[in-house]
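Per-entry structural report
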Amino acid sequence: MESGEAAAGPVGDRFPFPYTPYLIQERFMAALYGALEAGRVGIFESPTGTGKSLSLICGALSWLRDFQEKKQQEEARLLALEESGQEGKKKQQLPSAEPGHPESKDTAGEPDWVTAFVQKKEERDMVDRLKEEQIRRKKREERLEKIRHNVQLKYAAKRKRSEEDETKRLLQLSKEVLSEGAGVDVVEQLDHNEEELILAEYESDEEKKAVTGLEEDDDDLEEEHVTKIYYCSRTHSQLSQFVREVQKSPFGKDTRLVSLGSRQNLCVNEEVRRLGALQLINDRCMEMQKNKHEKSDEEMEGKKRRVSRTVCPFYSYEQMQFLRDEVLVEVKDIEQLVALGRETKACPYYGSRYAIPAAQLVVLPYQMLLHEPTRNAAGIKLKDQVVIIDEAHNLIDTITCIHSAEVSGSQLCCAHSQLLQYMERYRKRLKAKNLMYIKQILYLLERFVAMLGGNVKQNPNCQAVSQTGTVLKSINDFLFQSQIDNINLFKVQRYCEKSLISRKLFGFVERYGGPATAVKTNKENQKLAGLQNFLLTLQQGSDKEGTPQSPPVEPENEQLRTASPLMQIEGFLSALTNANQDGRVILNRQGTVGQSSLKFLLLNPAVHFAKVVEECRAVIIAGGTMQPVADFREQLLSCAGVDPARIVEFSCGHVIPPENILPIILCSGPSNQQLEFTYQTRDLPQMMDETGRILCNLCNVVPGGVVCFFPSYEYEKQVYAHWEKTGLLTRLAAKKKIFQEPKKANQVEQVLVEYAKCIKRCSQAGGQMTGALLLSVVGGKMSEGINFSDDLGRCVIMVGMPYPNIKSPELQEKMTWLDKTMPRAAGQAPSRVLIENLCMKAVNQSIGRAIRHQKDFASILLLDHRYARPAIFNKLPQWIRERTQVKPAFGSAFAELRKVRTFILCTATKTVSCCTHLYFPQTFTLE
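Reading the values: rules and limits
- Residues numbered from 1 in each chain as written.
- Predicted model: local features only at pLDDT ≥ 70, side-chain atom pairs only at ≥ 80, totals over all residues.
- Heavy atoms only, no water.
- 1 Å grid on protein atoms, 1.4 Å probe; cavity = no way out; pocket = protein on both sides within 12 Å on 5 of 7 lines; lining within 4 Å.
- Points joined across faces, edges and corners; volume = space filled by probe spheres on them.
- Helix = DSSP H or I, 4+ residues; strand = E, 2+ residues; numbered from the N terminus.
- Nonpolar A, V, L, I, M, F, W, Y, C, P; charged D, E, K, R; others polar.
- Pairing = 2+ DSSP bridges.
- Axes fitted to C-alpha atoms, helices over the stretch in contact; angles between N-to-C directions.
- Contact = heavy atoms within 4.5 Å.
- Buried < 20%, exposed > 50% of the residue type's maximum accessible area, 1.4 Å probe, protein only.
- Right-handed = clockwise from strand over helix to strand, strands pointing away.
- pLDDT = per-residue confidence, 0-100.
- Parallel < 35°, antiparallel > 145°, perpendicular 65-115°, else oblique.
- Salt bridge = Lys/Arg side-chain N within 4 Å of Asp/Glu carboxyl O.

**Some thoughts on empty space enclosed by the protein**
Considering all chains together, one arrives at five cavities of 30 Å³ or more under this definition. Of the pockets and cavities examined, the largest cavity occupies roughly 150 Å³. Cys267, Asn269, Cys285, Cys312 and Cys347 are the residues nearest the centre of the largest cavity, which is lined by 15 residues in total. Among the secondary structure elements, those contributing two or more residues to the lining of the largest cavity are helix 11 (278-301) and helix 14 (348-354). Taken together, the residues of the lining of the largest cavity break down into twelve nonpolar, two polar and one charged. Roughly 80 Å³ of internal volume is contained in the second largest cavity. Around the second largest cavity sit Asp631, Glu634, Gln635, Leu818, Met822, Pro830, Val833 and Leu834, which together line it. Mapped onto the lining of the second largest cavity, the elements with two or more residues apiece are helix 27 (630-638) and helix 33 (830-847). Grouping the constituent residues of the lining of the second largest cavity by class yields five nonpolar, one polar and two charged.

**Focus: the sheet that holds strand 5 (residues 386-389)**
Overall, parallel pairing links the seven strands, which are arranged 3-4-2-5-10-1-11 in an open sheet. Because the sheet does not close on itself, it has two edges, and the strands there are strand 3 (257-259) and strand 11 (647-651). Strand-to-strand, the axes of this sheet are offset by a mean angle of 15°, without reference to chain direction. For strand 1 (residues 41-45) and strand 11, the ladder comprises five bridges, and the chain directions are parallel. The residue bridging Ile43 from the neighbouring strand is Glu649, located in strand 11. Along the sheet, helix 3 (residues 23-38) contacts strand 1, strand 5, strand 10 (618-623) and strand 11; its crossing angle with strand 10, the most-contacted strand, is approximately 155°.

**Some remarks on the environment of Val593**
Within the element layout of this structure, Val593 appears in the loop between strand 8 (583-589) and strand 9 (597-602). For Val593, a relative accessible area of 0% translates into the label buried. Taking C-alpha positions, Val593 is 9.9 Å from Met451, a pair spaced 142 residues apart along the chain. Those residues in contact with Val593 that lie beyond four places of it in its chain are Gly409, Ser410, Val449, Leu452, Gly453, Gly454, Pro460, Gln463 and Val465.

**Focus on the pairing of strand 15 (residues 771-777)**
In terms of burial, strand 15 is largely enclosed, as seven of its seven residues are buried. As defined by bridge partners, strand 13 (residues 704-710) adjoins strand 15 across seven bridges and the pair is classed as parallel. Paired with Gly705 across the bridge in strand 15 is Ala772. As a crossover connection, the stretch from strand 14 (residues 736-740) through helix 31 (residues 748-765) into strand 15 is right-handed.

**Some points on the confidence of the model for the protein**
Considering every residue of the protein, the mean pLDDT works out to 77; 72% of them sit at 70 or more. Averaged pLDDT values over the elements of the protein bottom out at 31 in helix 37 (residues 913-916) and peak at 94 in strand 5. Considering only residues more than four positions removed or in separate chains, one finds that residues 93-108, a stretch of pLDDT under 50, has 15 contacts. With pLDDT under 50 throughout, residues 908-927 is counted as low confidence; its partners more than four residues away or in other chains account for 27 contacts.

**Things to note about the sheet that holds strand 6 (residues 405-408)**
Reading across the sheet, the four strands line up as 6-9-8-7 and stay open at both edges, with antiparallel pairing between neighbours. Across the chains shown, the open sheet's two edge strands, defined by having one partner strand only, are strand 6 and strand 7 (469-474). Strand-to-strand twist across the sheet, computed as the mean angle between neighbouring axes with direction ignored, equals 20°. Bridge count between strand 8 and strand 9: six bridges; the pairing is antiparallel. Within strand 9, the residue paired with Ile586 across the bridge is Lys599. Each of strand 7, strand 8 and strand 9 is contacted by helix 32 (residues 809-821), which is oriented at about 35° to strand 7, the strand it contacts most.

**Remarks on the packing of helix 19 (residues 432-451) against helix 25 (residues 565-575)**
The geometry of helix 19 relative to helix 25 is characterised by a closest axis approach of 12 Å and an angle of 80° between their N-to-C directions. When the axes of helix 19 and helix 25 are compared, the pair comes out roughly perpendicular. Contacts between helix 19 and helix 25 involve Ile441, Leu444, Leu445 and Phe448 from the former and Leu566, Ile569, Phe572 and Leu573 from the latter. Its residues placed into classes, the contact of helix 19 with helix 25 shows eight nonpolar, no polar and no charged.

**Things to note about the pattern of salt bridges**
For the coordinates displayed, the defined rule picks out 19 salt bridges. For Glu810, the salt bridge goes to Lys599, with nearest N and O atoms at 3.5 Å. Within this pair, whereas Glu810 is found in helix 32, its partner Lys599 is found in strand 9, the two being separated by 211 residues in sequence. Classification of Glu810 as partly exposed rests on a relative accessible area of 24%. Here Arg633 makes a salt bridge to Glu649, at a shortest N to O gap of 2.4 Å. With Arg633 in helix 27 and Glu649 in strand 11, this residue pair connects regions lying 16 residues apart in the sequence. The exposure class assigned to Arg633 is partly exposed, which follows from its relative accessible area of 27%.

Right, here's the structure in full:
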C-alpha cells in the first residue's frame with residue numbers, strides 16, 4: 001500500500017516503470033538520479049530479488065531524458081537570443097570599441113572592450129557549435145525515422161551488396177584467366193599462404209596516422225558523442241539479460257542502445273571464428289583489415305601486387321553504416337546483432353562501434369571499459385559521460401586480473417625457439433628494423449628464462465631448477481637483474497602491437513609445426529624438423545606433468561596454447577611498463593624450468609581506475625552485495641584521488657517480510673562443542689563430527705533443499721571422507737540425497753539439474769526422503785551467479801569463516817603494500833582489514849543465494865562464534881544483519897528452525913490447520 005501511494009505521487013511520475021515499483025525501488029531511483037545530477041561517485045547496493053536492473057534502467061534513463069530536455073531548452077534559448085538580439089547588440093557595442101572612447105580596466109588589466117570582444121567571440125563560437133549539433137541531430141533523427149518506417153530500405157543495401165559480390169567474383173575469374181601461365185618475379189618463390197607470414201616493413205616507432213579506409217568527407221565520422229550512459233557488467237549473459245530488461249521497460253522504444261562485445265562474440269566471418277582463441281581472432285581480423293588498406297593504397301599508386309591477400313567480406317563501410325542505423329533504430333542484444341550482421345553481410349563488431357557516438361545507452365563488458373587500450377580502440381570516450389558498473393562486488397579483483405599477466409618457462413622457451421626458426425627461415429625477406437626488434441625479443445626471452453634458472457636452448461621440461469621457491473621483486477629490480485633495463489619496453493610493446501608478429505608466428509607454426517608438412521630445402525627441413533620435435537617434447541612433457549585429477553584439455557585448445565605463446569608474453573611485456581611502485585614481479589621456481597613461471601602482480605588497481613573517475617561526469621558502482629564497502633572507498637576511490645565529498649553510498653533493504661528470513665549465528669553444536677573453524681582446529685575429528693550432527697538435525701526439520709558451503713574444495717573432501725568413515729554420511733543420506741559441487745565448470749549444470757529434480761520428486765512423492773543436500777565451496781561455481789530460490793535453498797549453511805590463504809606470496813605482498821600506503825582504520829592495520837573484508841565478501845555472496853524474490857523464504861546458519869564479533873557482524877549486509885539472531889547454544893537455534901519448518905509447510909499447503917497434525921521432534925539428536 002505504501003509503495004502504491006508513493007508511485008502515484010511525484011516520484012512515480014518522475015520515473016516511468018513497467019509496474020508499481022516497491023518503495024525501496026523508488027528510493028533507489030531517487031538516490032541514483034540525485035547522484036547523476038550532482039556528478040557523484042556512488043556505491044549502490046540493492047539485494048538480488050529487489051529489481052535492481054529495472055531501478056538502474058528507469059532511474060538513469062529518466063535522468064538522461066531530463067538532462068537532454070534541459071540541454072535542448074537551453075540551446076533553443078541561446079539560439080533565439082542570438083537571432084533576436086544580434087543587430088541591437090552590435091550597435092550597442094560599437095561605441096565602446098572606438099579608440100576615442102574612455103577605456104576602463106577589468107581586474108585582469110584588460111580594457112572593457114577587449115573583454116567584451118572575447119566574451120562575444122566565445123558566445124558566437126558556442127552558438128555556431130549548437131547550430132552544427134542541431135543540424136547533425138536533425139539529420140540523424142530523420143535518417144533513423146526513415147529506416148524505422150520504410151522496411152524496404154532494410155533490404156536495398158543487402159541487394160546492392162550481393163550485386164557487388166557477383167561483380168568481384170567475375171573480375172577475379174578474369175584475372176585468373178589472364179594471369180594463367182605467367183610467372184611472378186620475387187626474391188624467393190613462395191606460395192600465397194606463406195607470403196602472408198612475412199612481416200611488413202616497420203617504418204617508424206612513432207604513431208602513424210590512422211588509416212580507416214573510409215570516406216573522409218562523411219559527416220558521420222565527425223559526429224560528436226552525445227551525452228550517454230555506459231553500462232557494464234561481468235558476463236555476456238548478464239549483459240543480454242540487462243538488454244532484455246531495457247526492451248521491457250517504458251524506455252525500450254525510444255532509447256538508442258548499442259551492445260558491444262569482443263570479436264569472439266560478434267564476428268560473423270566463419271573462417272576467423274574457427275580459430276577459436278580470442279587473441280588469434282583479434283590478430284586475424286586486424287591483419288585482414290590491414291590487407292584491405294594496403295590493397296587500396298597500392299591500387300591508388302598503380303603498383304603491381306605480388307599476391308592477393310585475404311580481406312574480410314564483411315568489412316564494408318556502406319554495409320556497416322546500414323547496420324549502425326539498424327542498431328540505433330531498435331534495441332538489440334548481442335544475439336540479435338549477430339543475426340543482423342549475417343543477414344546484411346556487415347561486421348557487427350565494427351558496425352556497433354560506429355553507433356557509439358549517437359547512442360544514449362552503451363552496454364559492454366568490464367574489460368572493454370576498464371582496460372584503457374581496449375577502450376580507446378573501441379572509440380569509447382568517457383569525457384563528461386556516465387558510467388554504471390553493475391555486479392561490482394569483485395571490481396578490485398577484476399581490475400587487478402585485467403592488468404596482471406603470467407608466463408611459464410615452457411611458453412618462454414617455446415616462443416624463443418619458434419621466433420628463432422622464423423627469423424632463420426625469412427631472414428632474407430625481413431627488413432633491418434624487423435630483424436632488430438626480433439633480436440631484441442629473443443634477447444628478452446633468453447633473459448627471462450635465465451631468471452628462472454634455465455637455458456633457453458635446452459628443453460625446459462628436462463632442466464631441473466636448483467633453487468625452488470617464490471621470490472618477489474620490484475619492477476626495476478627485475479629489469480636490472482635480468483639485464484634488460486637498457487631495452488625500451490614501450491617500443492618493443494608497440495612493435496609487437498603494430499607488426500602483428502604473434503599472428504605471423506602463429507601462422508608459421510601452424511604451417512610448419514605439424515608432422516606431415518614438407519619444406520623444399522634439406523637445410524630448412526632440418527631446422528623446421530627441429531622445431532617440430534621441440535614442440536612435440538613440450539607437448540609430451542606437459543602431458544607427463546599433469547595429475548590424474550586435472551581436467552583433460554581439448555586438443556584444439558592445447559595446440560593453440562603451445563603454438564602461440566608469444567601472445568601471452570606480449571601481455572607480460574606490457575605489464576612491465578607499469579610504474580615501479582604499482583606492481584611486483586613474482587618468480588615462481590618449481591621442479592623444472594617448464595613448470596616455473598614469471599607473474600606480474602598489480603598492487604594498485606586505482607591507477608587504472610583513476611582516469612575513469614576523472615573523465616566521467618558520474619560513476620555508479622552497483623551490486624547486490626557490496627558490503628563491506630571500505631575496500632571500494634580506500635583501495636579504489638581514495639587512491640584514485642576522488643574527493644571524499646564526491647562519494648555517496650546507498651544501501652536499501654529487501655522486499656521480503658522480516659519473518660521470511662531467519663539468519664542465525666551458531667556458537668556451539670548439539671554436544672556443546674564450541675564452533676571455531678580455524679586452520680588449527682577445523683581438522684579435529686570432534687569439529688567434523690559436530691558439523692555432521694548439526695546437518696543431521698537440520699535435515700530432519702528443513703524440507704526441500706539445503707546448501708552447505710565449505711571454505712575450500714580440500715576441506716569439503718576431507719569432511720566428506722570423515723563422515724563416510726564414521727557412518728554419519730549414511731544417516732544424512734537417509735533424509736537428503738547428497739550432491740557435491742564439481743570442480744569442472746562443464747559439470748555444474750548437470751549437478752544442479754539433478755539436484756533440482758530430486759527436490760521436486762521428493763516434494764511430490766512424500767516419504768522419508770525430504771529433499772537434497774548440496775555440499776558447495778565458497779568462491780566456487782555455485783557461490784556466485786546461481787539462484788537457489790524457493791525449495792532449492794530453504795536453508796543455507798556456512799561452515800567456518802573462509803579467510804584467504806595468508807601464506808600466498810601475492811596476498812602477503814598486497815598486505816605489505818597496504819600497510820605502507822594506507823592509514824590504520826579504527827586501530828586495525830589495513831592488511832588485517834583486507835583479510836576480513838575478503839572473507840566477508842565471499843560469505844555475503846554465498847548466503848545471498850537463498851532469497852531471490854519477494855515471496856521467497858529461507859534460514860541462514862553461520863557456524864562459527866567469531867561471526868558474533870562486532871567487527872565481523874557489522875560487515876554482513878544490512879538487510880541480513882538487522883534480522884540476525886546470535887545463539888550461544890544449539891537448542892534455542894533448533895527451536896527457531898522448527899518454527900521456520902512450520903511456516904514453510906503452512907505456506908506450502910496454504911492452510912494453518914494442516915500444520916497442527918504434523919509431528920515435530922521436541923529434542924535434537926546428539927548422535
